[in-house]
There are 2 protein chains.
Amino acid sequence: MAGWEAVRDEVLRRIRARVWPPGAVIPGEEALAVEFGVARATVNRALREVAESGLLERRRKAGTRVAVLPVRKATLEIPIIRQEVEARGERYSQRVLAERMDPVPLAAALRMGLAEGVDLLFLETLHLAGGRPFAHEVRWLNPAVLPGGELPDFRHISANEWLVQNVAYTIGDIAFSAEAASPEEALALGIRTGDPVFVTERVTWSGEAPITFVRLLHGPGYRLRTML
Amino acid sequence: MAGWEAVRDEVLRRIRARVWPPGAVIPGEEALAVEFGVARATVNRALREVAESGLLERRRKAGTRVAVLPVRKATLEIPIIRQEVEARGERYSQRVLAERMDPVPLAAALRMGLAEGVDLLFLETLHLAGGRPFAHEVRWLNPAVLPGGELPDFRHISANEWLVQNVAYTIGDIAFSAEAASPEEALALGIRTGDPVFVTERVTWSGEAPITFVRLLHGPGYRLRTML
DNA sequence: CAGGTCATTATGTATAGACATAATAACGCA
DNA sequence: TGCGTTATTATGTCTATACATAATGACCTG
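Read on for an overview of the structure. (Residues numbered from 1 in each chain as written. Chains lettered and ligands numbered in written order. Predicted model: local features only at pLDDT ≥ 70, side-chain atom pairs only at ≥ 80, totals over all residues. Heavy atoms only, no water.)

### Some words on the packing of helix H1 (residues 4-16) of chain A against helix H2 (residues 29-36) of chain A
All names here are of chain A. Between H1 and H2, whose axes approach to 12 Å, the crossing angle comes to 110°. Here H2 runs roughly perpendicular to H1, going by the angle between their axes. Together, Val7, Glu10 and Arg14 of H1 and Leu32, Glu35 and Phe36 of H2 make up the contact between the two elements. Of the residues assigned to the contact of H1 with H2, the class counts are three nonpolar, no polar and three charged. (Axes fitted to C-alpha atoms, helices over the stretch in contact; angles between N-to-C directions. Helix = DSSP H or I, 4+ residues; strand = E, 2+ residues; numbered from the N terminus. Parallel < 35°, antiparallel > 145°, perpendicular 65-115°, else oblique. Contact = heavy atoms within 4.5 Å. Nonpolar A, V, L, I, M, F, W, Y, C, P; charged D, E, K, R; others polar.)

Rendered as structure tokens:
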């Protein structure tokens with residue numbers, strides 16, 4: 001046995017085979033290091049990875065135990081829409097439907113932690129894949145946090161892509177839901193009013209300042225996929 | 001500066017402040033170790049974490065560069081439904097609507113990589129929060145991979161919870177989508193036919209063998225939340 | 001100049017040893 | 001018995017050093 005990946009695999013095997021049943025305390029790092037013939041740091045690396053996936057719980061002094069009700073963790077990759085479309089082998093394009101400074105409505109203000117009525121840049125965009133509607137985007141953008149105060153021409157670069165390249169935000173939160181399309185949304189996406197749409201809402205922050213709130217709608221047939 | 005977290009934070013700051021602009025190659029681990037006054041292993045740990053979040057790209061010999069179009073990664077935590085309900089402060093209960101051996105239909109067979117018509121255990125369950133419908137679950141379970149061939153009474157423990165405790169599966173994939181509720185689904189969830197439902201479909205495997213395919217429906221108002 | 005070979009280089013990983021930290025368990029005192 | 005203090009212990013992290021590995025780029029050859 002050599003390498004932390006081999007140690008990790010053996011640990012996973014023992015958990016799956018119930019050699020170490022749920023709730024049981026497993027041997028300490030030192031003991032495992034001796035058993036596997038590796039250094040403690042190697043065992044540590046392996047156990048840390050498994051713990052991050054949720055299958056082990058580690059606490060100082062208490063030791064490492066197999067999780068009783070492991071909370072499974074999946075990693076979602078959130079690509080830029082252009083990349084998502086091009087990965088399907090379709091041509092990406094976009095149409096800016098609206099672009100203006102506007103007092104932020106209550107719902108968006110709450111999510112961004114701003115006062116209602118503050119003036120933000122409002123952007124409404126339709127993303128197309130091979131000329132057909134792919135997603136409808138509504139976005140409020142906080143101009144206060146923009147570098148240099150310069151804004152690009154959003155008809156040539158999508159807001160998302162520009163932000164990702166120009167404002168390296170680090171935190172945010174996302175929520176997904178299913179809703180019925182409003183008449184305006186249905187019209188933009190070329191579907192019927194009331195059709196189910198997949199909604200992604202995202203708020204991103206740069207440090208303390210909110211950057212943007214996006215509401216992204218995907219029409220019927222859209223699937224968000226990930227691996228466990 | 002001491003500790004890999006401090007190094008990581010400083011690296012993030014430099015990326016955000018564009019000291020290291022997108023696409024730029026950053027100094028090597030050795031140089032950073034000298035600059036920060038830590039060992040190379042500490043820098044390595046910090047850079048590895050940042051790279052995992054998608055903001056840096058590392059390649060042997062080529063060095064480490066700031067990602068031009070970082071693919072943002074979010075971690076989804078997938079709890080057991082009972083925990084999800086109880087975390088909202090509501091009482092969890094469930095009703096088993098159907099439980100029988102049944103030839104697997106084509107759609108489910110394809111996802112599980114099985115031949116159509118193989119006999120699987122079919123389970124239909126309604127999950128309730130405070131007595132009100134919370135989610136509707138349809139599941140095919142492969143009896144071949146069950147430990148000892150013993151099955152529990154699914155009226156007392158949910159299939160998900162039992163599986164998590166008794167079959168430590170390690171891989172699978174998940175897809176989310178928005179669909180219109182069928183008449184049967186609407187009836188079970190107490191909503192109207194055609195109302196948008198949030199659909200989670202999950203396939204899990206234990207090594208090579210498929211364990212289960214679940215289709216989980218949440219009615220209007222459900223939000224799946226995560227952090228960036 | 002094309003194509004294959006090899007040296008170079010930055011990251012990837014392993015190791016032994018050390019100290020830090022948090023949490024438990026043992027202890028002692030009122 | 002109950003409670004605060006202390007010792008113990010397993011994990012968490014850091015260091016210095018070494019070797020492995022992959023990928024680049026230079027070199028050599030036909």
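### Observations regarding the interface of chain B and chain A
The interface is formed by 55 residues belonging to chain B together with 55 residues belonging to chain A. A buried area of about 4900 Å², summed over both sides, lies between chain B and chain A, and 56% of it is on carbon and sulfur atoms. At the boundary of chain B and chain A, one finds two salt bridges. A salt bridge links Glu201 of chain A to Arg223 of chain B; the shortest N-O distance between them is 3.3 Å. Those elements giving two or more residues to the side of chain B that touches chain A turn out to be helix H1 (4-16), helix H3 (40-52), strand S3 (72-78), helix H4 (81-87), helix H6 (159-166), strand S7 (171-180), strand S8 (196-206) and strand S10 (223-227) of chain B. Take the side of chain B that touches chain A: its biggest share by element is 10 residues, from S7 of chain B. Per-class residue counts for the side of chain B that touches chain A are 28 nonpolar, 12 polar and 15 charged. (Buried area = accessible area lost by both parts, 1.4 Å probe. Salt bridge = Lys/Arg side-chain N within 4 Å of Asp/Glu carboxyl O.)

### What about the relation of the copies chain B and chain A?
With an axial shift of 0.0 Å and an RMSD of 0.1 Å, the rotation relating chain B to chain A amounts to 180°. Look at the turn and shift together and you get a two-fold axis relating the two. Residue by residue, 100% of the interface of chain B is reproduced at the interface of chain A, so both copies engage with the same surface. (Least-squares fit on C-alpha atoms with pLDDT ≥ 70 in both.)

### Here we look at the packing of aromatic side chains
Across all of its chains, the model carries 13 aromatic pairs over all chains by this definition. Both rings, one in Trp140 of chain A and one in Phe213 of chain A, keep their centres 6.2 Å apart while their planes meet at 20°; by these two values the pair is stacked. Separated by 73 residues along the polypeptide, Trp140 of chain A in strand S6 (residues 132-141) and Phe213 of chain A in strand S9 (residues 209-218) bring together distant segments of the chain. Grouping residues by exposure puts Trp140 of chain A and Phe213 of chain A together as buried. Ring centres 5.1 Å apart and planes at 55° place the aromatic pair Phe122 of chain B and Trp140 of chain B in the tilted group. Of this pair, Phe122 of chain B sits in strand S5 (residues 119-129) while Trp140 of chain B sits in strand S6 (residues 132-141), placing them 18 residues apart in sequence. Trp140 of chain B shares its class with Phe122 of chain B; the two are buried. Pairwise contacts between aromatic rings join Phe134, Phe176, Phe198 and Tyr222 of chain A together with Phe134, Phe176, Phe198 and Tyr222 of chain B into one cluster. Directly above the ring of Trp4 of chain A sits Arg45 of chain A, whose terminal nitrogen or CZ lies 4.2 Å from the centroid. (Phe/Tyr/Trp six-rings, centres within 6.5 Å; stacked < 30°, edge-to-face > 60°. Buried < 20%, exposed > 50% of the residue type's maximum accessible area, 1.4 Å probe, protein only. Lys NZ or Arg CZ within 6 Å of the ring centre and 35° of its normal.)

### Examining the environment of Pro70 of chain B
On the secondary structure map, Pro70 of chain B appears in the loop between strand S2 (63-66) and S3. In sequence terms Pro70 of chain B and Gly54 of chain B are 16 residues apart; their C-alpha atoms lie 5.5 Å from each other.

### A closer look at the nonpolar core
Counting 34 residues, the largest nonpolar core has Phe176 and Phe198 of chain A together with Phe176 and Phe198 of chain B as its most contacted members. Setting aside its immediate chain neighbours within four residues, Phe176 of chain B contacts Phe198, Tyr222, Arg223, Leu224 and Thr226 of chain A together with Leu76, Phe198, Val199, Thr200 and Leu224 of chain B. (Core = buried A, V, L, I, M, F, W, Y, C linked by side-chain atoms within 4.5 Å.)

### Details of the side chain of Thr226 of chain A
Secondary-structure assignment places Thr226 of chain A in strand S10 (residues 223-227). Judged by relative accessible area, which is 8%, Thr226 of chain A ranks as buried. In terms of polar contacts, Thr226 of chain A uses its side chain to reach the backbone carbonyl oxygen of Thr75 of chain A, at 2.6 Å. Discounting residues that sit within four places of it in the chain, Thr226 of chain A has contacts with Ala74, Thr75 and Leu76 of chain A together with Asp173, Ile174 and Phe176 of chain B. (Polar contact = N/O pair within 3.5 Å; in protein donor to acceptor, adjacent residues only side chain to side chain.)

### Topic: H2 of chain A
Residues and elements named next belong to chain A. Those residues of H2 that sit buried are Glu29, Leu32, Ala33 and Phe36. One face of H2 carries all of its buried residues, which in axial projection span an arc of 105°. Of the exposed residues in H2, the ones pointing more than 90 degrees away from its buried face are Glu30 and Val34. Where H2 terminates, the next one or two residues include Gly37, which has phi positive at roughly 70°. (Arc of directions from axis to C-beta.)

### Concerning the protein's contact with DNA strand C
Taken together, 22 residues surround DNA strand C, and among them Gly3, Trp4 and Thr42 of chain A together with Arg40 and Arg58 of chain B come closest. The share of sugar and phosphate among atoms of DNA strand C within 4 Å of the protein is 72%. Among the secondary structure elements, those contributing two or more residues to the surface near DNA strand C are helix H3 (40-52) of chain A together with H3, strand S1 (56-59) and S2 of chain B. At four residues, the largest contribution of residues to the surface near DNA strand C is made by H3 of chain A. Here the residues of the surface near DNA strand C sort into four nonpolar, seven polar and 11 charged. (Near = heavy atom within 4 Å.)

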